[in-house]
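Chain by chain, the residues:
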Amino acid sequence: MTTPMLEIRDLHVRIEEREILKGVNLVVPKGEVHAIMGRNGSGKSTLSYVLAGKDDYEITSGEVLLDGQNILEMEPSERAVAGLFLAFQYPIEIPGVATMTFLKAALNATRKAKGEGEISTPDFMRAVKEAGASLNIDSTMLKRALNVGFSGGEKKRAEILQMALLKPKMCVLDETDSGLDIDALQVVSKGVNALRDGTRSMLVITHYQRLLNHIVPDVVHVFSDGKVVESGTKELALELEAKGYAGFDGEKAA
Amino acid sequence: MSVIPVRLGPAETKLIEQLQAVGASAEAERLAAVGLPTRRVEAYHYTDLKLLLRAVPELAEGSAVTDGSALAIAGAFRFGIANGRVQAHGAAPAGVIVGHTKGGVLTTRDDVVTRLNGAFAADALTLDLTGAVAPVIQIDRRVEGRAGHSTSSARIFVGDGGSAVIVEVYSGSDEAHLTNHSTFLQVGKGATVTHITVNLMSAKATHFATSEYLLGEDAKLRTLVINAGAAVSRTQVFPRFAGARAHADVTGLNLVSDGQHADITMDALHAVPHTSSKPLFKSIARGRSKAVVQGRLVVARDAQKTDAKLMSQGLMLSDEAEILVKPELEIYADDVVCGHGSTCGQLDDDHLFYLVSRGISKPEAETMLVRAFLAELIDPIEDEALNAALTGVIEGWLAKG
Ligand SMILES: Nc1ncnc2c1ncn2[C@@H]1O[C@H](COP(=O)(O)OP(=O)(O)O)[C@@H](O)[C@H]1O
Ligand SMILES: [Mg+2]
């Protein structure tokens, strides 16, 4: 059996003495797109932050393997250059850091890890233009400080732009659909689908089924109270939409 | 009334001796009577000179010649002042008339640094600028040779409708100098001036600098103080808004590392109606160091419609660093918009996480955020060579960390 792109084994995580993730098990093989659906507060963002390496969390047990390598002891920047990318649910604004400066620093970090030299300015400009082409990213957006003054939709598109530029092997998308109208949802989905290449894997976290009409997953996992409670094909998402989460976790609908 | 005599330390004794030697006996007597200011003097609350000024070196000899500059700015026209003496210079650029005057240039005020500057000032550089002066005017003030007590002064008039960019650089040999520099800058009606001072003194030195500004009607001034050098430094800025619609962006930056104490003290007077100011001071402190920002805004009784907002921001890069901020508003007019605010903290963890989550290493991410913190001060400097030189000062400081 080939090594999965992402394997999460019995992951338990606490925040301030409270257990949020209660034994997550999940395997995403190479080239597959998996969706995680779960009600608000079930721990989806916590899972994505723990994968990316945010240090507010106490990991009490479990393992996370990225392409066979245990990443829990790695710095967030090391995980990123190893090919993990988290598209944030709430991308934050960083005043004073120019978007282009940031993109170049991120791209060069990735190149350095691969033993490549710094990218030339013309090549960089070309790469950004290419990555942004299908995302309706206009150049004025790129001239601003990172995410500063971006609308909700612009922030999400900028996340996908970063993903397209850095070409990670494992993408985690945390509620990339939240705050998007239908048109923006289509643009973002198109951008994401363009990155499906049979090798790259994705974990698409969402609260609503509608995103999965655009980014069609290979497998859907239902997440409830800090763990995966059911996995199935994309029809599971429709079933979930029809029955509500209560049909899966026994709790009352929120 | 009984007067308790002040106990004088070696620094004060030496200063008194030197004051007598230059014939400033009134100042000598005053200093003997009151001593250097301690923390009990409000304006020196965080910069206790009696404590911080341990020794005063001999008066610097005036014979030194210098042509080196601690800050190279491409295309700038340079004046040098070495050990208090104005150096020979090339033919002045169009619109610049160079002269000399004797003695101090600052308006008398109850401030020891100002008084000492006036008492010791000998040879003052004068510049009369008219029209749009093209090159950046750079005034290099250096102390050469062994540790010396050096005083210098410059008086600059920018004529009505004129424009100029002036940068002053304070530097010296790597000795325990005591420096006290002053600038009086008059910004004529409708004139636009940028005035930047950069303290790059040796880490052994004690450095004082005072810049006084007089703004006429419709004058526009941007100032930037950078305190990057000296063991102890205090840079004073005294803007006076004397004409309607005069505006100043008074800005400053303390960059302090282990063992350093840097103070930026502003005392601004809005003297007439319809003037505005936006003082913005930032401090970055690392190691065991201290950065001080004092900002005083005085609005005279007649100065209705004054619009003045004072902001101070601190960034602490170590647990032993201290950033001390004291804003003061003294408002005698009733129809004004005045305020102050201050923030102080460490780098934002969420900002840091966002950057590292994209593969940028933690040290690089930290540097990016420090630069971002400073961008507001450096970005408005339009002259590219000057902007690059100032960026270089900051990058140099960051690299030493
Ligand atoms: N920093 C935090 N401190 C304390 N509790 C937190 C923190 N972050 C999340 N939580 C709690 O953890 C639970 C899961 O949150 P989250 O992972 O954001 O859920 P989801 O993304 O599924 O909506 C919630 O009950 C939330 O209140
Ligand atoms: Mg969430």
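Note that this is a predicted model, so its numbers are computed, not measured. (Residues numbered from 1 in each chain as written. Chains lettered and ligands numbered in written order. Predicted model: local features only at pLDDT ≥ 70, side-chain atom pairs only at ≥ 80, totals over all residues. Heavy atoms only, no water.)

**Here's the deal with the coordination of the magnesium ion (ligand 2)**
Residue and element names in this part refer to chain A.
(1) Moving on: Coordination sphere of the magnesium ion (ligand 2), protein contribution only: Ser45 (OG) and Gln89 (OE1), at 2.1 to 2.2 Å. With a gap of 44 residues between them, serine 45 in helix H1 (residues 44–52) and glutamine 89 in the loop between strand S6 (84–87) and strand S7 (94–98) connect regions that are remote in the sequence.
(2) Moving on: Residue glutamine 89 is classed as buried on the basis of its relative accessible area of 11%. (Donors = N, O, S within 2.8 Å, 3.2 Å for Na, K, Ca; no water. Helix = DSSP H or I, 4+ residues; strand = E, 2+ residues; numbered from the N terminus. Buried < 20%, exposed > 50% of the residue type's maximum accessible area, 1.4 Å probe, protein only.)

**Remarks on the environment of glycine 68 of chain A**
Residues and elements named next belong to chain A.
(1) Moving on: Of note, glycine 68 is situated in the loop between strand S4 (58–66) and strand S5 (69–70).
(2) Moving on: Each C-alpha atom, one on glycine 68 and one on proline 4, is 7.1 Å from the other, the two residues being 64 residues apart in sequence.
(3) Moving on: Leave out the neighbours within four places in its chain, and glycine 68 touches Thr3 and Pro4. (Contact = heavy atoms within 4.5 Å.)

**Notes on the packing of aromatic side chains**
(1) Moving on: Within the structure shown, the criterion is met by 7 aromatic pairs over all chains.
(2) Moving on: With a centroid separation of 6.3 Å and an interplanar angle of 20°, the aromatic rings of tyrosine 49 of chain A and tyrosine 57 of chain A are classed as stacked.
(3) Moving on: On the basis of relative accessibility, which here comes to 18%, the residue tyrosine 49 of chain A falls in the buried class.
(4) Moving on: Relative accessible area serves as the criterion here: at 16%, tyrosine 57 of chain A is assigned to the buried category.
(5) Moving on: Each ring, one from phenylalanine 77 of chain B and one from phenylalanine 79 of chain B, has its centre 5.1 Å from the other, and the planes form 70°; the classification is edge-to-face. Accessibility assignment for this pair places phenylalanine 77 of chain B and phenylalanine 79 of chain B in one class, buried.
(6) Moving on: Three or more aromatic residues joined by ring pairs make a cluster, and in this case those are Tyr49, Tyr57, Phe88 and Phe102 of chain A together with Phe353 and Tyr354 of chain B.
(7) Moving on: Above the plane of the ring of phenylalanine 353 of chain B lies lysine 54 of chain A, whose end atom (NZ or CZ) is 5.8 Å from the centre. (Phe/Tyr/Trp six-rings, centres within 6.5 Å; stacked < 30°, edge-to-face > 60°. Lys NZ or Arg CZ within 6 Å of the ring centre and 35° of its normal.)

**Remarks on the nonpolar core**
One broad rule of soluble globular proteins: the nonpolar side chains tend to lie buried together.
(1) Moving on: Counting 117 residues, the largest nonpolar core has Leu11 of chain A together with Leu390 of chain B as the members making the most contacts within it.
(2) Moving on: What leucine 390 of chain B contacts, discounting residues up to four positions off in sequence, is Leu71, Ile196, Val198, Leu224, Ile226, Ile378 and Ile381 of chain B.
(3) Moving on: Counting 38 residues, the second-largest nonpolar core is a separate cluster that includes Phe77, Ile81, Ala154 and Ile166 of chain B. (Core = buried A, V, L, I, M, F, W, Y, C linked by side-chain atoms within 4.5 Å.)

**What about the site of ligand 1?**
All names here are of chain A.
(1) Moving on: Taken together, Ile15, Glu16, Arg18, Ile20, Arg39, Asn40, Gly41, Ser42, Gly43, Lys44, Ser45 and Thr46 are the residues near ligand 1.
(2) Moving on: Residue serine 45 places a main-chain N or O atom 2.8 Å away from an oxygen atom belonging to ligand 1.
(3) Moving on: Protein burial of ligand 1: of its 560 Å² of free accessible surface, 66% is covered by the chains.
(4) Moving on: For the shell around ligand 1, the secondary structure elements donating two or more residues are strand S2 (18–28) and H1.
(5) Moving on: Here the shell around ligand 1 gets 3 residues from one element, more than from any other, and that element is H1.
(6) Moving on: Each residue belonging to the shell around ligand 1 can be placed in one class, and the counts come to 2 nonpolar, 6 polar and 4 charged. (Near = heavy atom within 4 Å. Polar contact = N/O pair within 3.5 Å; in protein donor to acceptor, adjacent residues only side chain to side chain. Areas by Shrake-Rupley, 256 points an atom, 1.4 Å probe, with all protein chains shown as cover. Nonpolar A, V, L, I, M, F, W, Y, C, P; charged D, E, K, R; others polar.)

By themselves these figures say nothing about function.
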